[in-house]
Amino acid sequence: MPAQPHDAIDPAGPAGVPVDPSTGRLVFGWLLVGIPLAYGVITTLSRVGQLFQ
Amino acid sequence: MNWLDRSRSIAPPGFNRWLIPPAALAVHLCIGQAYATSVYKSALIGHFGLSQTAIGIIFSIAIVMLGLSAAIMGTWVERSGPRKSMFVAASFWGAGFLVGAAGIFTSQLWLVYLGYGFIGGIGLGIGYISPVSTLMKWFPDRPGMATGMAIMGFGGGALIASPMSSALLKFFDGFNPATDGADWIASGNSVGKLFLTLGVLYFAVMMYGVLNIRVPAPGWMPRGWDPSKAKVSAMVTTKQVSAANAIKTRSFWLVWAVLFLNVTAGIGILEQASPMIQDFFRGADGNSAVNAAVAAGFVGMLSIGNMAGRFIWSSASDLIGRKRIYMVYLGAGALFYVVLAFFGGSSMLLFVAMAVVIISFYGGSFATAPAYLKDLFGTFQVGAIHGRLLTAWSAAGIAGPLIVNGLLDAQGKPGTMNAHNYLPVLLTMVGLLVIGFVASTLIRPVDAKYHEPEEALASSRKGS
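As the structure is a computational prediction, the values presented were derived from the model and not from experiment.

**Re helix H1 (residues 22-48) of chain A**
Next up, step 1: Over its 27 residues, H1(A) runs 38 Å from end to end, which matches the ideal 39 Å to within 8%, given 1.5 Å per residue.
Next up, step 2: Maximal helix bending in H1(A) amounts to about 25°, located at A:Leu31.
Next up, step 3: Taken residue by residue, H1(A) has A:Ser22, A:Leu26, A:Gly29, A:Val33, A:Leu37, A:Gly40, A:Thr44 and A:Val48 as its buried positions.
Next up, step 4: Summarising the contacts, the buried residues of H1(A) are in contact with helix H1 (20-31), helix H7 (143-173), helix H8 (188-212) and helix H12 (292-320) of chain B.

Structure (structure tokens):
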């Protein structure tokens, strides 16, 4: 049976545990954009706090 | 450079589509810096010894170039694919900062106009539309959410750039809180170094997007999603319309008018946010209960509302429909403007809540627009059609401040006004939103005479 989309699992993971090769890239990609965004939101919220003091 | 071609960026089988939003966000978070230029505006005024207007022109050129390049280059972006267009955007955006830095170091303002304004503005326009149609092709089941994620990045870019630029300026100037007071202004030299840093940094982050963006293979569908079983709506076409034909339709110009009116009304608050909240809570003695630091908190709150609205409302449009969500933006927006105008001065909480929701609608209208265009015109050249639609943004960027400043100038001098003086401006915004609401009700499915023939679509697929 030919490979189907979303079936690309690397069987060579430790102890035979299947590893999706895109997991590391997914985590890196979302951290690359998520960390700066979180920094921006947190620093902005710290200014917003003065509104209701 | 062949590796930039569309044909070299087709995703292999098994590619995870959730890798695409970070690639798109990498571009939008960088170009969103355009909303954070006020951080160094005073420093540039001091460095060049010129007026606010002369420095403000830098940013006006950038926004005008955004609209023009998106409109003119939209068809090229669609044809070339996201990787090549994102690379061009990264090159222009990065080069714009570097040329701008040269202008600051040599005290030649025209170089800053050319660099940040003209060259950077082209990067803004191409970068804004580059990943949008690709995202909708990867998420045909949730196009509003997909574009909302990317366009949220444009709002979020300012949230990052503003504190990061402040911190870098202080670092380059050797800021000392013990000796430098609260009214410290950065030197021109440090702004030049900031431009150099941002140029290199933004190019590198955008290159992450360039290297990781992929287009789906022809015929690819999300697993478990069957377009024939998707909810059918008369407002969602299965046909395709070219960019050249789209601008001949009444629906395109109605969407253009709706975006123009909603953005113009949103700019009414955004432009005046800081003085507005101080004026609304000015006592009979002429003193405001809101100081500059609190007003800055209000501006920050609006930025978060602008960003969040892009994702939340655009995602909601997948569930309730694009036409309905625009009627919420315009109808509820008009109602909230009325509440703000007549009761905003009675309660800080009410004032902030109304303003934040209105600005979230402003952001939502940007983020929902590409999915609305996809519904009306199909995905064939939706990026190019989106580029043409963004001229509404440029027009609103000129009309909004003109209306607001003109009406407020007639009411009195800055620092002396109160909530009552804002009635003409706010009620004008209500009028604009009501006109937009009516325009929105008139949007209809596109006439079949504008649809692309199947043979033309088939040959275009072979060529791409």
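**Re the confidence of the model for chain A**
Next up, step 1: Here chain A averages 71 in pLDDT, and 53% of its residues register 70 or above.
Next up, step 2: pLDDT under 50 marks residues 1-14 of chain A. Its contacts with residues more than four places away, or in other chains, come to 21 contacts.

**Observations regarding the packing of aromatic side chains**
Residue and element names in this part refer to chain B.
Next up, step 1: Under the counting rule described, the total for this entry stands at 35 aromatic pairs over all chains.
Next up, step 2: With 5.5 Å between their ring centres and 50° between their planes, Phe 280 and Tyr 422 make a pair best called tilted. Of the two residues, Phe 280 is situated in helix H11 (residues 273-280) and Tyr 422 in the loop between helix H16 (391-409) and helix H17 (423-441); the sequence distance between them amounts to 142 residues.
Next up, step 3: Residue classification places Tyr 422 among the buried residues on the basis of a relative accessible area of 1%.
Next up, step 4: Pairing Tyr 326 with Tyr 329 gives two aromatic rings, centres 5.1 Å apart and planes at 75°, and the pair type is edge-to-face. Here Tyr 329 and Tyr 326 lie together in helix H13 (residues 322-343), a separation of three residues that amounts to about one turn. Comparing Tyr 326 with Tyr 329, the two get one shared label, buried.
Next up, step 5: By the ring-pair criterion, three or more aromatic residues cluster together here, those being Tyr 40, Phe 59, Trp 93, Phe 97, Tyr 116, Phe 195 and Tyr 202.

**Regarding the interface of chain B and chain A**
Next up, step 1: Each side of the interface is counted separately: chain B has 36 residues, and chain A has 25 residues.
Next up, step 2: Across the interface of chain B and chain A, roughly 2,700 Å² is buried in total on both sides, 74% from carbon and sulfur atoms.
Next up, step 3: Linking chain B with chain A are zero salt bridges, by the criterion used here.
Next up, step 4: The tally of links from chain B across to chain A stands at two residue pairs in polar contact (both at pLDDT 80 or more).
Next up, step 5: Only H1, H7, H8, H12 and helix H14 (348-377) of chain B provide two or more residues apiece to the side of chain B that touches chain A.
Next up, step 6: Residues belonging to the side of chain B that touches chain A are distributed by class as follows: 28 nonpolar, six polar and two charged.

**Quick word on the environment of B:Glu452**
Residues and elements named next belong to chain B.
Next up, step 1: By the secondary structure assignment, Glu 452 is in the loop between H17 and helix H18 (454-463).
Next up, step 2: Taking the C-alpha atoms as reference points, Glu 452 and Lys 239, separated by 213 residues in sequence, lie 7.4 Å from one another.
Next up, step 3: Within polar-contact distance, the side chain of Glu 452 engages the side chain of Ser 242 at 3.4 Å.

**Considering the side chain of B:Gln33**
Residue and element names in this part refer to chain B.
Next up, step 1: Relative to the assigned elements, Gln 33 resides in the loop between H1 and helix H2 (41-48).
Next up, step 2: In this structure Gln 33 comes out as buried when scored by relative accessible area, which is 0%.
Next up, step 3: One polar contact links Gln 33 to Tyr 40, side chain to side chain, over a distance of 3.0 Å.
Next up, step 4: Sequence-distant contacts of Gln 33, defined by excluding residues within four places in its chain, comprise Tyr 40, Trp 93, Phe 97, Tyr 116, Gly 157, Ala 161, Leu 198 and Tyr 202.

**Quick word on the nonpolar core**
Next up, step 1: In terms of nonpolar packing, the biggest core is built from 144 residues, with B:Tyr116 and B:Tyr337 touching the most fellow members.
Next up, step 2: The dominant element in this core, judged by the number of residues it contributes, is H14(B), at 17 residues.
Next up, step 3: Both domains that meet at this core, namely domain 1 (2-212) and domain 2 (233-456 + 459-463) of chain B, each give it at least three residues.
Next up, step 4: The contacts of B:Tyr337, once residues within four sequence positions are left out, are B:Ala265, B:Gly266, B:Ile269, B:Ile358, B:Leu426, B:Met429, B:Val430 and B:Leu433.
Next up, step 5: Grouped together as the second largest cluster of nonpolar side chains are 11 residues, A:Leu37, B:Met152, B:Tyr208 and B:Met307 included.

Cut-offs applied
Residues numbered from 1 in each chain as written. Chains lettered and ligands numbered in written order. Predicted model: local features only at pLDDT ≥ 70, side-chain atom pairs only at ≥ 80, totals over all residues. Heavy atoms only, no water. Helix = DSSP H or I, 4+ residues; strand = E, 2+ residues; numbered from the N terminus. Expected span 1.5 Å × (residues − 1). Bend = angle between axes of the 7 residues up to and from the residue. Buried < 20%, exposed > 50% of the residue type's maximum accessible area, 1.4 Å probe, protein only. Contact = heavy atoms within 4.5 Å. pLDDT = per-residue confidence, 0-100. Phe/Tyr/Trp six-rings, centres within 6.5 Å; stacked < 30°, edge-to-face > 60°. Buried area = accessible area lost by both parts, 1.4 Å probe. Salt bridge = Lys/Arg side-chain N within 4 Å of Asp/Glu carboxyl O. Polar contact = N/O pair within 3.5 Å; in protein donor to acceptor, adjacent residues only side chain to side chain. Nonpolar A, V, L, I, M, F, W, Y, C, P; charged D, E, K, R; others polar. Core = buried A, V, L, I, M, F, W, Y, C linked by side-chain atoms within 4.5 Å. Domains from an automatic or database assignment.

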